[in-house]
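Each chain, letter by letter, is given below.
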Amino acid sequence: MSDSTEELHVDQSKMHITDEIAIQITDMNKWYGEFHVLRDINLTVHRGERIVVCGPSGSGKSTLIRCINRLEEHQKGEIVVEGIELNSDLKNIDKIRAEVGMLFQSFNLFPHLTVLENCTLAPIWVRKTPKNEAEATAMQTLERVKIPEQAHKYPAQLSGGQQQRVAIARCLCMNPRIMLFDEPTSALDPEMIKEVLDVMVDLAEGGMTMLVVTHEMGFARRVANRVMFMDEGQIVEQNEPEEFFHNPQNERTKLFLSQILAH
Amino acid sequence: MSSEPNVAFVASGQIPPSAPPASEVGPIHWLRANLFDGVVNSILTVASIVAIVLLVPPLVDWIFIKGVWNAGSLSGCREVIAAAHGEGVTGACWAVINERFNQLIFGFYPSELYWRPILAFVLMLAALAPVLFSTLPRWMLWFSAAYPIAAYFLIWGGLGLEVVESGQIGGLLLSVIIGVTGIVASLPIGIVLALGRQSSMFFIKTICVVFIEFIRGVPLITLLFVASVLLNYFLPPGTSFDLILRVVIMVTLFASAYMAEVIRGGLAALDKGQYEAADALGLNYWKSTRLIILPQALKVSIPGIVNTFIGLFKDTTLVSVIGLLDPVGLLNPIRATAAWNGILWELYLFVAVLFWIFCFSMSRYSMYLEKKLKTDR
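Residues numbered from 1 in each chain as written. Chains lettered and ligands numbered in written order. Predicted model: local features only at pLDDT ≥ 70, side-chain atom pairs only at ≥ 80, totals over all residues. Heavy atoms only, no water.

### Points about the sheet that holds strand E10 (residues 234-239) of chain A
By definition, the strands of a sheet pair up through backbone hydrogen bonds, in either a parallel or an antiparallel sense.
Residue and element names in this part refer to chain A.
Move 1: Strand order in the open sheet formed by six strands is E6-E7-E8-E3-E9-E10, and the pairing between neighbours is mixed. Each edge of the sheet is formed by a strand with only one pairing partner; in this case those strands are strand E6 (100-103) and E10. On average, each strand axis in the sheet is tilted by 20 degrees relative to the strand beside it, whichever way the strands run.
Move 2: Relative to strand E8 (residues 209-213), strand E3 (residues 50-54) runs parallel, the two sharing four bridges. Residue pairing for E8: Arg50 is matched across the bridge by Met210.
Move 3: Running at roughly 70 degrees to E6, helix H2 (residues 90-99) makes contact with E6 and strand E7 (178-182) of the sheet. (Pairing = 2+ DSSP bridges. Helix = DSSP H or I, 4+ residues; strand = E, 2+ residues; numbered from the N terminus. Axes fitted to C-alpha atoms, helices over the stretch in contact; angles between N-to-C directions. Contact = heavy atoms within 4.5 Å.)

### Quick look at the state of the cysteines
Move 1: Evaluation of the coordinates by the stated rule reveals one disulfide over all chains.
Move 2: Between Cys77 of chain B and Cys93 of chain B runs a disulfide, and the two sulfur atoms are separated by 1.9 Å. The sign of the S-S torsion, about 70 degrees, decides the handedness of the disulfide formed by Cys77 of chain B and Cys93 of chain B: right-handed. Taken together, the residues span a long stretch of sequence, with Cys77 of chain B in helix H3 (residues 74-85) and Cys93 of chain B in the loop between H3 and helix H4 (95-106) at a distance of 16 residues.
Move 3: The buried category is assigned to Cys93 of chain B, whose relative accessible area is 1%.
Move 4: Take Cys54 of chain A: it sits in no disulfide, and the sulfur closest to it among the cysteines is that of Cys67 of chain A, at 18 Å.
Move 5: Cysteine Cys173 of chain A is unpaired, with the sulfur of Cys119 of chain A as its nearest cysteine sulfur at 4.6 Å.
Move 6: Taking relative accessible area as the criterion, Cys173 of chain A reaches 11% and is therefore assigned buried. (Disulfide = S-S within 2.5 Å. Buried < 20%, exposed > 50% of the residue type's maximum accessible area, 1.4 Å probe, protein only.)

### Notes on the interface of chain A and chain B
Move 1: Taken together, the contacts link 24 residues of chain A with 22 residues of chain B.
Move 2: Both sides of the chain A and chain B interface together cover about 2,000 Å² of buried area, and 63% of this is carbon and sulfur.
Move 3: When the buried area of chain A at its contact with chain B is split by residue, Phe110, His112 and Trp125 of chain A rank highest and sum to 28% of it.
Move 4: Across the contact surface, chain A and chain B share one salt bridge.
Move 5: Here Glu276 of chain B makes a salt bridge to Arg66 of chain A, at a shortest N to O gap of 2.6 Å.
Move 6: For the pair chain A and chain B, the number of links is six residue pairs in polar contact (both at pLDDT 80 or more).
Move 7: Tallied by class, the residues present in the side of chain A that touches chain B amount to 16 nonpolar, three polar and five charged. (Buried area = accessible area lost by both parts, 1.4 Å probe. Salt bridge = Lys/Arg side-chain N within 4 Å of Asp/Glu carboxyl O. Polar contact = N/O pair within 3.5 Å; in protein donor to acceptor, adjacent residues only side chain to side chain. Nonpolar A, V, L, I, M, F, W, Y, C, P; charged D, E, K, R; others polar.)

Next comes the structure, spelled out in structure tokens:
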């Protein structure tokens, strides 16, 4: 796909997968009205796993990860995140959302707040962190994503890649145990994709549990421990990246891979 | 000859930036771009200049040069003008404003107590200041919160101050009481209605929709008649419920329905991603509404909100229909007196200028606020 993943520096030895279960999805189904978007999803994610979810558009991959922090509601089955079951209990939902960071394709930074305020808002209002402490953490995090000098600008003054890195910093300030990425680089110009992927590699090396919906197959190859292919609302195939790319089993997987890896 | 085009090209260096051509900058460019940009524009420019030359000097002449400030009646004015400028010349008779100024401002408020509404007005400016300008210290908001109580006692009396009846309150004072109370109360009610209309809870949503659509579907005058006449039938006999208060409630409800729709527009203009990002960070409904959604929705709605404010303030003149003596309500009684019978333009012009000062200030403030809150580029 993109050349930007060619020069990613990835140290797989820093990534550890533990026995602890971060997310457990059992027989989950979801409908949009009459339309059956997700069908019998079963998925166990261990702490430290990096799972890349791919598939054609409309296959339900975004909907799946949006169910994990209840941006979408499932109608059947069970989702347990960090030991808390997702049901209509609002307290549980807010608790899970504070533990699960989410990155969006369109960044969704708060345009009326500065970069720093974007990062301190949730710690102050959800975690009740004192303001100066939250600001110190935010500055450290902005340094980690390499844009501390932009702290007092507004999001609209930054480039797409910088905005997405701020969005990552905003998540990290909440100290999440799991991070969900919904096509984080799809809205970026090619020269900005790498700066975002670099930060994601850094997170993976830090042991973050990650679910990534992306078309960056280079990233999948080098960072993921598992690649999952979805089509028409169902998990069609999943495997270690090496096997997945070189030895796909299902016909639909083969077709999809041949289409996206053709050039 | 080769049919292959030569496509190879390499820039030999970076071209340095240079100044734009002289015809694109400076006053000449401005004139050409704004006043004489083509035939139609040039004709309109010339026509406008002619209209200004024809209209403005006679107006200035009538208002200022031939205007009379001191006279006891309209015929007195005419005598002064005839003596100064000759028979048959017309000029403005501002003497009526001079004589009735206090009445147009305070209604029939006892003149020895004028200091009370004046003090209330000055305190109002002080109470509004921290709300309007965020650079002022935040503790001043406590004063703003306490102001309505202070203003009530200053205007109506009580707590040792001599009591003034509602019937004595009139003129611009009445417009400001109704207008400012309506403006201050209709914004929060409008916000609640707009949020309610978006609610996923069926009954809350239905109540808000019915309220908004009912109020918007009824003329304000109807509501004012309900306030002045019909409400007495519904209230238990013997309850006296101040007419000004009833009118303020009706005007507030009327404006809040419009306000709700303006703010709903602002809410709808927000990207769905803003709601999702706030949710995904673990902010609950009230926090995300207060910190993320409303600041942005209200910012987008500022022109509409101020538009509604201005409309509300001017609509206060409708209370003259139910017999309250706001500036417009006072004009007919004044014109009915023997001294000022036949006077027309001067009174309406004066009232127009009074209202214009308030409305134009609101409009300017709205522009200041829009500029200040602009962070999207």
